[in-house]
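Residues per chain, in single letters:
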Amino acid sequence: MGCPFSLSQDGVELQFATNYLGHFLLTNLLLDKMKSTAEESKIEGRIVHVSSMVHKYTYDSGIRMHKINEAAGYSTHKAYGQSKLALMLHANELSRRLTQEKANVTINSVHPGAVATKIARHHTLLAFATSLFSVFLKSIAQGAATQCFVALHPSLCKVTGKYFVDCKEAKPSSLAMDAELAENLWHFSAELALSKRSSKTLREQNQSTTSEET
């Protein structure tokens with residue numbers, strides 16, 4: 001959260017890559033297995049995205065899709081908000097697709113709350129305040145309560161595309177509910193993830209070939 005501008009090993013802005021793109025890729029890699037398992041077992045599959053109330057504090061456009069890797073205009077806090085907004089947009093778009101397919105899989109987003117962790121370590125003042133007031137923050141177990149509730153509680157059967165705070169449904173930002181933005185992000189993410197996976201595979205193949213030759 002809020003780290004200085006840098007790129008991941010795959011060349012993607014670090015907060016976007018870590019907090020969102022990896023989740024997008026993993027979810028989609030597991031999706032067919034989830035759908036088939038849910039159909040065979042007759043047990044609902046559930047996906048839970050750990051977003052944040054900070055999804056409301058992002059760039060004016062919501063997601064800087066075509067400037068995602070540009071240092072110019074980068075904001076440590078807005079980039080974090082962007083990554084959490086992206087999770088919610090992905091959840092909403094995937095929810096729409098799963099509902100359209102009539103798949104027995106749901107996906108929702110949650111805000112875990114202010115939890116006493118080292119997430120603010122990149123900001124000295126915020127980290128100090130977190131340490132100072134940790135007694136007023138949620139414990140790790142309390143912070144996990146909402147995602148466990150959404151993942152497991154029988155009352156949420158068939159509930160999908162929603163946002164939860166403190167085990168209750170909450171209202172997300174207008175950007176998070178922007179269906180066009182969600183669809184555009186889906187296509188952008190798919191292309192980005194595919195290009196990075198292909199590049200990584202090529203690098204690994206080249207390294208393997210080089211090792212064999214030596």
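The name recorded for the chain in an unreviewed UniProt entry is Short-chain dehydrogenase TIC 32, chloroplastic, from Ceratopteris richardii.

Student: Explain the overall build of the chain here, please?
Tutor: Scanning the chain for helices and strands turns up six helices and four strands. Moving toward the C terminus, one meets the helices and strands of the chain in the order α-β-α-β-α-α-α-β-β-α. Here the chain holds 214 residues, and the buried ones make up 38% of them. The long-range share in the chain, meaning contacts at least 24 apart out of those at least 6 apart in sequence, stands at 74%. Surface summary for the chain: the accessible area is close to 12300 Å², and the carbon and sulfur share equals 58%.

Student: I keep staring at the packing of aromatic side chains and nothing clicks. Help me out?
Tutor: Ring pairs (aromatic) are described by centroid distance and by the angle formed between their planes. Under the defined criterion, the tally for this structure stands at five aromatic pairs. The interplanar angle of 75° and the centroid separation of 5.1 Å between the aromatic rings of Phe5 and Tyr74 together place this pair among those described as edge-to-face. You can see Phe5 sitting in the segment before helix H1 (14–41) and its partner Tyr74 sitting in the loop between strand E1 (45–50) and helix H2 (76–101), a full 69 residues away along the chain. On the basis of relative accessibility, which here comes to 17%, the residue Tyr74 falls in the buried class. Among the aromatic residues, those joined into a ring-pair cluster are Phe16, Tyr20, Phe24, Trp186 and Phe188. The ring of Tyr59 has Arg64 sitting right over it, with the charged end atom 4.8 Å from the ring centre. Between Arg97 and the ring centre of Trp186, over which it is positioned, the NZ or CZ distance is 4.1 Å.

Student: How do you make sense of the environment of Ala79 when you look at a structure like this?
Tutor: Mapped onto the fold, Ala79 is located in helix H2. Judged by its relative accessible area of 0%, Ala79 falls in the buried class. In this structure, the C-alpha to C-alpha distance between Ala79 and Leu14, residues 65 residues apart in sequence, is 9.2 Å.

The rules behind these values
Residues numbered from 1 in each chain as written. Predicted model: local features only at pLDDT ≥ 70, side-chain atom pairs only at ≥ 80, totals over all residues. Heavy atoms only, no water. Helix = DSSP H or I, 4+ residues; strand = E, 2+ residues; numbered from the N terminus. Buried < 20%, exposed > 50% of the residue type's maximum accessible area, 1.4 Å probe, protein only. Contact = heavy atoms within 4.5 Å. Areas by Shrake-Rupley, 256 points an atom, 1.4 Å probe, with all protein chains shown as cover. Phe/Tyr/Trp six-rings, centres within 6.5 Å; stacked < 30°, edge-to-face > 60°. Lys NZ or Arg CZ within 6 Å of the ring centre and 35° of its normal.

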